[in-house]
Amino acid sequence: MIRVRRTIVAGNWKMNMDHVEGAALAGDIAAGLEGREPSCEIVLIPPFTTLLSVMSAIEGSGIAAGAQNLWYEEKGAFTGEISAGMIFSLGCRYVLVGHSERRHVIGEGSDILFRKLRAALSGGLSPIYCVGETLDERESGSAAEVVTEQIGEVLTGLSSEEMERTRIAYEPVWAIGTGRTATPGDAGSMHEVIRGVISKIFGAEAAEETPILYGGSVKPGNAAELLAMKDIDGALVGGASLDAGSFLGIVFPA
Ligand code: PEP
């Protein structure tokens, strides 16, 4: 099968790796790519304080960097926050928006996520917009409805150029950091639902071109079967991205 979309494997380090540990891990990942041609784009998403060290460790390796969060204003009295422009000026091109830990632990709702997504795009970044249902929502049969709403309420109104720069990650909340993974069939059907929603809002071509990553306990042992699904265009990896061997095992699935 010929994919029109390039696969992306992104490692979300969450609140792990200080700048010394992060440089070492990024260096090990870059070294593991030497002499090999990955078929996917690789993105490392460390904490803000580790970004610069990671970026110098991956220089020339073809690996891209991303940030885990941003604030939606350009500058000003927002103590502790970081703007899209600050991230962009480092040479970073990606930023996560709507990660389940931001939604459910920090309490970010659709209004704030909408503003963050637009700020990321206006600042020249490519947002990786994360969506996913909770276990209750899956068990009550409303997973597709929840995910459809999460997509519609934040992406509607983007220009086609902005949609082109946007990536989606489907991450069922019950699969994140739990060791429990959606079956390739369940994940694949939700990706199909998401592509259908994008098609309704932006048209079939935009839907075909949008990379939709799966996240939720992806590891070397399950990556190949997930990535083989036609609508799964890569992985957003948490725990398994903290070890060079396991991350590379996802980049080069057996
Ligand atoms: C994540 O943090 O986006 C994630 C999917 O985590 P894990 O791979 O550990 O489930």
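In the block above lies the structure referred to throughout.
Residues numbered from 1 in each chain as written. Predicted model: local features only at pLDDT ≥ 70, side-chain atom pairs only at ≥ 80, totals over all residues. Heavy atoms only, no water.

**Q** Please explain unusual backbone geometry as it appears in this structure.
**A** Across residues other than glycine, the phi torsion is negative in most instances, and most of the peptide bonds are trans. Positive phi outside glycine occurs at Met-17, with the angle close to 80 degrees. Considering the arrangement of structural elements, one finds Met-17 in the loop between strand S1 (7-12) and helix H1 (19-33). One non-glycine residue with positive phi stands out, namely Ser-217, at about 55 degrees. Here Ser-217 shows up in the loop between strand S7 (212-215) and helix H11 (220-227). (Helix = DSSP H or I, 4+ residues; strand = E, 2+ residues; numbered from the N terminus.)

**Q** What is the right way to read the site of the ligand from this model?
**A** The environment of the ligand is made up of 14 residues, and the closest members are Lys-14, Glu-171, Gly-177, Ser-217 and Gly-238. A distance of 2.7 Å separates an oxygen atom of the ligand from a polar atom in the side chain of Glu-171. Note that an oxygen atom of the ligand is positioned 2.8 Å from one of the backbone N or O atoms of Ser-217. Relative to its unbound accessible surface of 290 Å², the ligand loses 96% to contact with the protein. The cavity that encloses the ligand is the second largest pocket. For the shell around the ligand, the per-class residue count stands at four nonpolar, eight polar and two charged. (Near = heavy atom within 4 Å. Polar contact = N/O pair within 3.5 Å; in protein donor to acceptor, adjacent residues only side chain to side chain. Areas by Shrake-Rupley, 256 points an atom, 1.4 Å probe, with all protein chains shown as cover. 1 Å grid on protein atoms, 1.4 Å probe; cavity = no way out; pocket = protein on both sides within 12 Å on 5 of 7 lines; lining within 4 Å. Sits in = over half its atoms within 2 Å of the grid points. Nonpolar A, V, L, I, M, F, W, Y, C, P; charged D, E, K, R; others polar.)

**Q** Would you mind showing me how to read the environment of Pro-46 here?
**A** Locating Pro-46 in the fold gives a position in the loop between strand S2 (40-45) and helix H2 (48-58). With relative accessibility at 0%, the residue Pro-46 sits in the buried group. Each C-alpha atom of the pair Pro-46 and Gly-249 lies 19 Å from the other, and the pair is 203 residues apart in sequence. Excluding its chain neighbours within four sequence positions, the residues that come into contact with Pro-46 are Trp-13, Leu-51, Val-54, Gly-66 and Gln-68. (Buried < 20%, exposed > 50% of the residue type's maximum accessible area, 1.4 Å probe, protein only. Contact = heavy atoms within 4.5 Å.)

**Q** What's the story with the sheet that holds strand S4 (residues 94-97) in this structure? I'm lost.
**A** Note on sheets: strands pair through backbone hydrogen bonds, and any given pair is parallel or antiparallel. Spatial strand order, S1-S2-S3-S4-S5-S6-S7-S8: eight strands in a closed barrel with parallel pairing. Put simply, the sheet's adjacent strands are angled 25 degrees from each other on average, direction ignored. As paired elements, S2 and strand S3 (residues 64-67) share two bridges and run parallel to each other. Paired with Val-43 across the strands is Ala-64, a residue of S3. (Pairing = 2+ DSSP bridges. Axes fitted to C-alpha atoms, helices over the stretch in contact; angles between N-to-C directions.)

**Q** Sorry if this is basic, but what is going on with the layout of surface pockets here?
**A** In this structure, the largest pocket occupies an estimated 350 Å³ of space. Lining the largest pocket are 13 residues, with Lys-14, Met-15, Gln-68, Glu-101 and Arg-102 positioned closest to its centre. Residue classes in the lining of the largest pocket are distributed as six nonpolar, four polar and three charged. Approximately 210 Å³ is the volume found for the second largest pocket. Looking at the second largest pocket, it is lined by 19 residues, and the ones nearest its centre are Gly-177, Ser-217, Gly-238, Gly-239 and Ala-240. Here the lining of the second largest pocket is composed, by residue class, of five nonpolar, ten polar and four charged. (Points joined across faces, edges and corners; volume = space filled by probe spheres on them.)

**Q** Would you mind showing me how to read helix H5 (residues 110-122) here?
**A** An α-helical segment advances 3.6 residues per turn. Residues three or four places apart therefore align on the same side. With 13 residues, H5 should reach 18 Å at 1.5 Å per residue; the first-to-last C-alpha distance of 18 Å fits that figure. For H5, the elements touching its buried residues are helix H3 (84-89), S4, helix H4 (100-104), strand S5 (126-131), helix H7 (143-155) and helix H8 (160-164). (Expected span 1.5 Å × (residues − 1).)

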